[in-house]
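# Working through the structure, step by step
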Amino acid sequence: MISRGLRWVAVKRFLPSAADYSGLSRSWPRDLMAGLTVGVVALPLALAFGVATGVGAGPGIVTAIIAGTVAAVFGGSRLQVSGPTGAMTVVLVPLVAQHGPAVVYPVALLAGIVVLLSALLRLGRLLDHIPWPLIEGFTVGIAVVIAAQEIPSALGVVKPEIDNAAAAAAISILRFVEHPHWPVLGLLILSVGATVLLTRVHRAVPAGLIAVVGVTVVAGVGGMDVARIGTIPAGLPVPSLPSLAGAGSLIGPVLVVAFLAGLESLMSARVADGMSDAPRHDPDRELFGQGLANIAAGFCGGMPATGAIARTAVNARAGAHTRVAALTHAIVLAIIMFAAAPLVGKIPLVALAGVLLVTAYRMVEKRSIRSVLTSTRGDAAVFAVTAVCTVAFDLITAVAIGLVLAGALALRRLASTSQAVVQVLRPDDLSSAAEHELLASHVLVYRLDGPLFFPVVGRFLAEMTAIADVRVVILRLGSLAMLDASGAKALGDVVQQLAERDIIVLFKGATAENERLLAAVGTLQPLVAKGHVFDDLGAAIAHAARHVRRVSA
């Protein structure tokens, strides 16, 4: 009965409750207006990300509606707005090119299950352990890839059959230079210019939507021959079970999508925390909500989704206080989808490309980049390597390389801070000044500060074994912040090498955990057998005095 109750408490924290809507009686007018604003802002982005992925505009809107609704109800942030995002597009474009548009269904479904399991395993706080320079480099790299993916549509050229987005963008530019299509370039300038300038008028102005409408009107009135979205289906045909027989080949992409869904959603929720006085998000519940959102999107004809930083920021700035705002945003998109689908199909692709180019540019926080580059050379290297690898390879490779580099640099910095401090024997520890003078010339007391682990072992051994003209070395171990097997073994080597030169080593004050490790590697037992392990410094000094007197007699 007790275990069943505990399981229910563990599950209950992931479920919606009345507390999610506290203050709604006062905030509902602001929530509704914020939801309307976000819905208008999200429309062109949902269309653009669906088209950019290669599945079409319909699944983009379906994802924004379904994932936006489910994540708003079950997620861990009151202000989070979820849907298709540029970062997810970066992962899905090569996947769709290889397997076809229908691949987004099993990927969304399986990735949702992985994210859901991550929530149940309480992995939501792992974001705190990802270095900030890596996240910034990751974001810049994604922004570059998003922009590169839009270059073919922005210039009205056929997308090159090449996986790397940057290389495809370069080829597209060369093709445009050889055969320029000036009307398309004019529409691109109009789309980008309107998006940038209207945003400067007021942040609440739906600049992206106005830019898309303006370009669509100009292209229609001018009778321009440009590529358009076309008919919007109500989602892709749901794949049959036999088509999922090769799902094993999707394990890698599914893990990448799940990682990205969790990472971007938690980053977005953290941004929302800093922009309002609403209760802080629950990271594990946020993963739970995003997992359900992706599962629902996969079943309903959508694509993988994440928390969207730009839309979440608009929601917070518009004064949202509860989840009703994100739910309203989904309802607004649903109304537009059913009422204006034929009109949406007439939007030129270049209009959406212009909006996404501006979105990619705004993803880059110049102040943050400047801060990273001027912090330390190591942090700047992590940032630069992660950004370059994101563009040159893929997201998971970039994150893996960035983490390895950040870890290596952190170990190097940690190793440089560890030290062994030499302490002079104090007269009040000894029976006479003469004895102090005798021991001061024959006994060294070291207090080991900081960590003693594998990166510092070599330097530690060199320092300790270089000791000369002494009879006893007392090692005070109580201040060791960390000890690993390499460090414990190094202490044993110090004892052995100094013993070969008739110098004895006394241990004082090791913690219970460090004593267990020293015993496990065989360092402690010989010292215990000789009575060379002490809990009190005075007792260790007294033993050293007796040894010095005996040897000097």
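Residues numbered from 1 in each chain as written. Predicted model: local features only at pLDDT ≥ 70, side-chain atom pairs only at ≥ 80, totals over all residues. Heavy atoms only, no water.

Turning next to the overall build of the protein. Along the backbone of the protein there are 23 helices and eight strands. Against the 2.2 N^0.38 benchmark of 24 Å for 553 residues, the protein shows a C-alpha radius of gyration of 32 Å, more extended than a compact globule. Taking the principal axes of the C-alpha coordinates as reference, the protein spans close to 110 × 65 × 50 Å. The burial tally for the protein puts 51% of its 553 residues in the buried class. Put simply, 83% of the contacts in the protein that link residues at least 6 apart link residues at least 24 apart. Across the protein, 41 positive and 33 negative side-chain charges occur, with their mean positions spaced 7 Å apart. (Helix = DSSP H or I, 4+ residues; strand = E, 2+ residues; numbered from the N terminus. Rg over C-alpha atoms; globule rule 2.2 N^0.38 Å. Buried < 20%, exposed > 50% of the residue type's maximum accessible area, 1.4 Å probe, protein only. Contact = heavy atoms within 4.5 Å. Lys, Arg positive; Asp, Glu negative; His and termini not counted. Charge placed at Lys NZ, Arg CZ, Asp CG, Glu CD.)

Let us now look at the pattern of salt bridges. Under the counting rule described, the total for this entry stands at six salt bridges. Between Arg285 and Asp20 there is a salt bridge, with its nearest N and O atoms 2.8 Å apart. Residue Arg285 is found in helix α11 (residues 283–300), and its partner Asp20 is found in the loop between α1 (2–12) and α2 (24–53); the two are separated by 265 residues along the sequence. Both residues of the pair, Arg285 and Asp20, belong to the buried class. A salt bridge links Arg447 to Asp449, with the shortest nitrogen-to-oxygen separation between them at 2.9 Å. (Salt bridge = Lys/Arg side-chain N within 4 Å of Asp/Glu carboxyl O.)

Turning our attention to helix α14 (residues 349–363). For α14, with 15 residues, the first-to-last C-alpha span of 21 Å sits near the 21 Å given by 1.5 Å per residue. Burial analysis of α14 places eleven of its 15 residues in the buried class, which makes it a mostly covered element. For α14, the full list of buried residues reads Leu349, Val350, Ala351, Leu352, Ala353, Gly354, Val355, Leu356, Leu357, Val358 and Ala360. (Expected span 1.5 Å × (residues − 1).)

A few words now on the confidence of the model for the protein. Mean pLDDT over the protein: 86, with 90% of residues reaching 70 or higher. Looking over the protein, one finds the lowest element-wise mean pLDDT in α1, namely 55, and the highest in strand β1 (residues 82–83), namely 96. (pLDDT = per-residue confidence, 0-100.)

All right, on to a nonpolar patch on the surface then. A grouping of Leu110, Ile113, Leu117 and Leu120 is seen on the molecular surface, where their side chains present a nonpolar patch of about 320 Å² in accessible area. Among the structural elements, Leu120 can be located in helix α5 (residues 104–120). On the basis of relative accessibility, which here comes to 47%, the residue Leu120 falls in the partly exposed class. (Patch = residues over 30% accessible without salt bridge, like charges linked within 9 Å, V, L, I, M, F, W, Y side chains within 5 Å. Areas by Shrake-Rupley, 256 points an atom, 1.4 Å probe, with all protein chains shown as cover.)

The next thing to look at is the nonpolar core. In this structure, Leu47, Val107, Ile229 and Ile347 are the most contacted members of the largest nonpolar core, which totals 86 residues. When residues no more than four places from it in sequence are discounted, the contact partners of Ile229 are Leu47, Val51, Ala57, Val344, Gly345, Ile347, Leu349 and Leu352. Among the nonpolar cores identified, the runner-up in size contains 30 residues, and Phe460, Ile467, Val470 and Phe507 belong to it. (Core = buried A, V, L, I, M, F, W, Y, C linked by side-chain atoms within 4.5 Å.)

It is the contact of helix α8 (residues 182–201) with α14, at a shortest axis distance of 8 Å, that shows an interaxial angle of 45°. By the angle between their directions, the pair α8 and α14 is classed as oblique. As for how α8 packs across α14, the hand of that crossing is right-handed. Contacts between α8 and α14 involve Val184, Leu187, Leu188, Ser191, Val192, Thr195, Val196 and Thr199 from the former and Val350, Ala351, Gly354, Val355, Leu357, Val358 and Arg362 from the latter. Per-class residue counts for the contact of α8 with α14 are ten nonpolar, four polar and one charged. (Axes fitted to C-alpha atoms, helices over the stretch in contact; angles between N-to-C directions. Parallel < 35°, antiparallel > 145°, perpendicular 65-115°, else oblique. Left-handed = near helix turned anticlockwise from the far one by under 90°. Nonpolar A, V, L, I, M, F, W, Y, C, P; charged D, E, K, R; others polar.)

Attention now moves to the side chain of Asn294. Assignment of secondary structure puts Asn294 in helix α11. Judged by its relative accessible area of 1%, Asn294 falls in the buried class. Residue contacts for Asn294: discarding those within four places in its chain leaves Ala108, Leu109, Gly112, Ala261, Pro304 and Ala305.

Take the side chain of Asp284 next. Inspection of the secondary structure puts Asp284 in helix α11. Apart from the residues lying within four places of it in its own chain, the contact partners of Asp284 are Arg13, Phe14, Ala119, Arg122, Leu123, Gly124 and Arg125.

Helix α4 (residues 86–99) packs onto α2 with a crossing angle of 25° between their chain directions and a minimal axis gap of 8 Å. Considering their axes alone, α2 and α4 lie roughly parallel with respect to each other. Where α2 approaches α4, its residues Phe49, Ala52 and Thr53 are matched on the opposing element by Gly86, Thr89, Leu92, Val93 and Val96. For the contact of α2 with α4, the per-class residue count stands at five nonpolar, three polar and no charged.

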